[in-house]
Amino acid sequence: MSASTYTASRNSIQRKLAVLLLLSLWLQVITPPVMAAPVGPAPVSSGVMTTLAMAGESLVAFLRAAFAPQEQWNVVLTPVSAEFKDYAGVDYHASSRKLLLAANTPGGQPNNFETVAADGSRATFSNVAGLGGELLLATSRDEGQGMSRGGFPAGELFTTTGVAGVIARVNASGATVQNPWVTLPGETGAIGGLYLDRTGVYGGDLLVVTSTGGVWRVNAAAEATRVASLETRLAGVASLPEDPDRYGPWSGKILVGAKDLSQVYAIDAAGQSSSLPLDVQPQDIDVVPAQENFFAVDTVGRKVWGATDGAFAGIIGDILVTQQAPGVIKRLRWNGVEFVGSELATAAEFKQVTFAPAGINPIPAVKQLYDKIAVVRHSVTLLNSGRVEGSLWQLLPEDVTLDGTDTITTDLLVPGTPVVLHSNPATYGGTLVGTENPLPTDYTITIKGSSSLRHVVARTNPIELENVSAPPAPTGTRDVSIQNANGTIGDPATLRNLSISGNAPTTAVPPGTYGRFSVSGRNVLVFGDASSETPTVYNLEELTLTGSSELRLAGPIVLTVKNRVTLSGSTLGAAADPKRLLLKIATPLTDAEDALKVTGSAVLYGIVRAPQGTITIEGTGRV
């Protein structure tokens, strides 16, 4: 029998024995003694009734606790293969998709920071050296258009410096260093925790705690604001989203660890706090994310521990409180009444822990999921000084040339292992090598001129795209042309083709199946239903927007176009919420014209699916 099985069996037996003993006590309370008694009913004293009531309440409470499901969750940690270079702090470096560590502690020579690749190989990050002490790290993630929620470029590093109240900032490539970046006003304590808010409740700011009890927010403009002063040594900090069902009274609050008091404090934006006593001394606080591996630095055991994302799949969203020495990770979960704690993992020591999609042998990297992404079968050679906001996934191994002012704000995902040629002054952040098929290798990606691309992500296996079916034919028979302020579409049930030009009014068209729509000049066409939370459906044969025309969305829509969409100097979609538009174009590959053409200063805000046709983005056009 394993130790864990034995422990569980022993605990079960103990609970059952305790129940039997309490039942015996209960029977003694309620059973009258065997003795001679006068004939007739005997009065029951108020003291006995009180005893019975208290015993009943105790029994109910005990039985509930004894027979409630005892959820146990333990994580087995595995040492990764990287050589231990006196590491201390650790976090995920979004730009390289590697683990970033504070190395050569405590002197920081010959360098302070290293990245560790999937095979355990190390590379110096930045030329920063000589920062003293056990540095703690926080890094920014890409939460939209290459920026964190608080406006920090993805991949930036924020670190303690060994100087009280001072934080340094290193850009994503490691080339630019600001030390100090921030000196917390009047702060005399050592920094005990850094965390970039990812909930938005605290504006995506950098949250900081200190050994004198200071709790701070620092925004992207380096403006520091004291949130609270708890007058005790603090270590570890995190923020929770607004979710009362999940986090109870801690919903939307900052969590900090009071190391000497063995407590966790929950602090709101106004600085009001409450505390929860624990049986560990907090060093780090984290919230379990989805689809990210776990890593922890053990300076005593001289190891970096790891665990796969699957080990945490059942406790996503739970709170982890980590004790430094001896190393203990405590898991906290709100059960609707109180926070329940249980031990998750142990080691000789935990200096800092983090979650990351990166992998280090034998922990495999987590395959990334892209949210703001365009997926195309063929090469992006038709990106002619245009701009894609987000990532672009190319499924076929075809040559790519980015020149002029071509811009992909994040990554270009491609199959196999192409040759990548880069020449200045083009902006390029380097090639990331995935873990999938290395073949083919017989094509080239060229990045030149004044183009810009964050990364080529090689070895990304293509996915299968479903073709877009042509929409049904329109049943309307009327062709309508609106050229002045008195124009209307008439009965939409009989509308087929619509042309808007001149000085027309803003024209709303209800969901339906129509023919060819064209809008020119400064005129506005409106699709969608403001009262509908689900997308309304539009079908067209063709859509043309020219001049400074605009197709606005009153609500979310799915627009399927049979032939082609042409935007020239115009706007389609909702800038504040691009996901309101799903544009599907059924143009076949045999068609000589583009399925989608965005030219001039045109902008398309939306998700585009045109798997059977080509897309051209040129001029200052943007998608």
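What comes next is a walk through the structure. (Residues numbered from 1 in each chain as written. Predicted model: local features only at pLDDT ≥ 70, side-chain atom pairs only at ≥ 80, totals over all residues. Heavy atoms only, no water.)

1. Description of the sheet that holds strand β15 (residues 254–258)
Ordered by their spatial adjacency, four strands build an open sheet running β14-β15-β16-β17, and the pairing between neighbours is antiparallel. Taken across any chain shown, the strands that pair with only one partner, and hence form the sheet edges, are β14 (234–239) and β17 (273–277). Averaged over all adjacent pairs, the angle separating strand axes in this sheet is 25°, with direction ignored. Inspection of the sheet shows β15 paired to strand β16 (residues 263–267) by five bridges, in the antiparallel sense. Counted as the bridge partner of Ala 258 is Gln 263 from β16. (Pairing = 2+ DSSP bridges. Helix = DSSP H or I, 4+ residues; strand = E, 2+ residues; numbered from the N terminus. Axes fitted to C-alpha atoms, helices over the stretch in contact; angles between N-to-C directions.)

2. Observations regarding the environment of Ser 262
Considering the arrangement of structural elements, one finds Ser 262 in the loop between β15 and β16. Residue Ser 262 is classed as buried on the basis of its relative accessible area, which comes to 18%. Sequence separation of Ser 262 and Pro 277 is 15 residues, and the distance between their C-alpha atoms is 6.0 Å. Setting aside residues no more than four positions away along its own chain, Ser 262 makes contact with Leu 276, Pro 277, Leu 278, Val 280, Gln 281 and Pro 282. (Buried < 20%, exposed > 50% of the residue type's maximum accessible area, 1.4 Å probe, protein only. Contact = heavy atoms within 4.5 Å.)

3. Structural notes on the side chain of Arg 141
With respect to the element layout, Arg 141 can be found in the loop between β6 (137–139) and β7 (157–160). Polar contacts involving the side chain of Arg 141 include one to the side chain of Glu 292, which spans 3.0 Å. Setting aside its immediate chain neighbours within four residues, Arg 141 contacts Tyr 92, Ala 94, Met 147, Ser 148, Ala 154, Arg 198, Glu 292, Phe 355, Ala 356 and Pro 357. (Polar contact = N/O pair within 3.5 Å; in protein donor to acceptor, adjacent residues only side chain to side chain.)

4. A word on unusual backbone geometry
Backbone torsion omega between Thr 105 and Pro 106 reads 5°, so that peptide bond is classified as cis. Locating Pro 106 in the fold gives a position in the loop between β3 (98–102) and β4 (113–116). Of note, the amide linkage connecting Leu 439 to Pro 440 takes the cis form, showing an omega dihedral of 5°. Residue placement: Pro 440 occurs in the loop between β33 (431–433) and β34 (444–447). Its identity is not glycine, yet Ser 262 carries a phi of approximately 55°, on the positive side. One non-glycine residue, Gln 291, adopts positive backbone phi at about 55°. Judged by its relative accessible area of 43%, Gln 291 is partly exposed.

5. Side note on the side chain of Thr 460
Looking at the secondary structure, you find Thr 460 in the loop between β35 (452–458) and β36 (478–482). Not counting the four nearest positions on each side in its chain, Thr 460 is found in contact with Trp 393, Leu 413, Val 414, Pro 415, Gly 416 and Glu 436.

6. A look at the sheet that holds strand β29 (residues 400–402)
Strands sit in the order β29-β34-β31 across an open sheet of three strands; the sheet is parallel. Because the sheet does not close on itself, it has two edges, and the strands there are β29 and β31 (419–422). Adjacent strand axes in the sheet meet at a mean angle of 10° when their direction is disregarded. Bridge analysis of β31 against β34 gives four bridges, and the strand direction is parallel. Note that in β34 the partner of Leu 421 across the bridge is Thr 446.

7. A word on the pairing of strand β41 (residues 524–527)
Burial along β41 is two-sided: the residues Val 524 and Val 526 and Leu 525 and Phe 527 are all buried. Pairing geometry for strand β38 (residues 507–508) and β41, over two bridges, is parallel. Within the sheet, the bridge partner assigned to Thr 507 lies in β41 and is Leu 525.

8. Some details on the pattern of salt bridges
What the rule picks out here adds up to 19 salt bridges. Residue Asp 205 pairs with Arg 217 through a salt bridge whose shortest N-O separation is 3.0 Å. On the criterion of sequence distance, the pair formed by Asp 205 in the loop between β10 (191–196) and β11 (206–210) and Arg 217 in strand β12 (residues 214–218) is long-range, its members being 12 residues apart. The class for Arg 217 is partly exposed, based on a relative accessible area of 22%. For Lys 597, the salt bridge identified is with Glu 618, shortest N-O distance 3.8 Å. Remark: Glu 618 occurs in strand β50 (residues 615–618) and Lys 597 occurs in strand β47 (residues 596–599); sequence separation between them is 21 residues. One salt-bridge network, in which partners are shared between bridges, spans Arg 97, Asp 142, Asp 411 and Arg 454. (Salt bridge = Lys/Arg side-chain N within 4 Å of Asp/Glu carboxyl O.)

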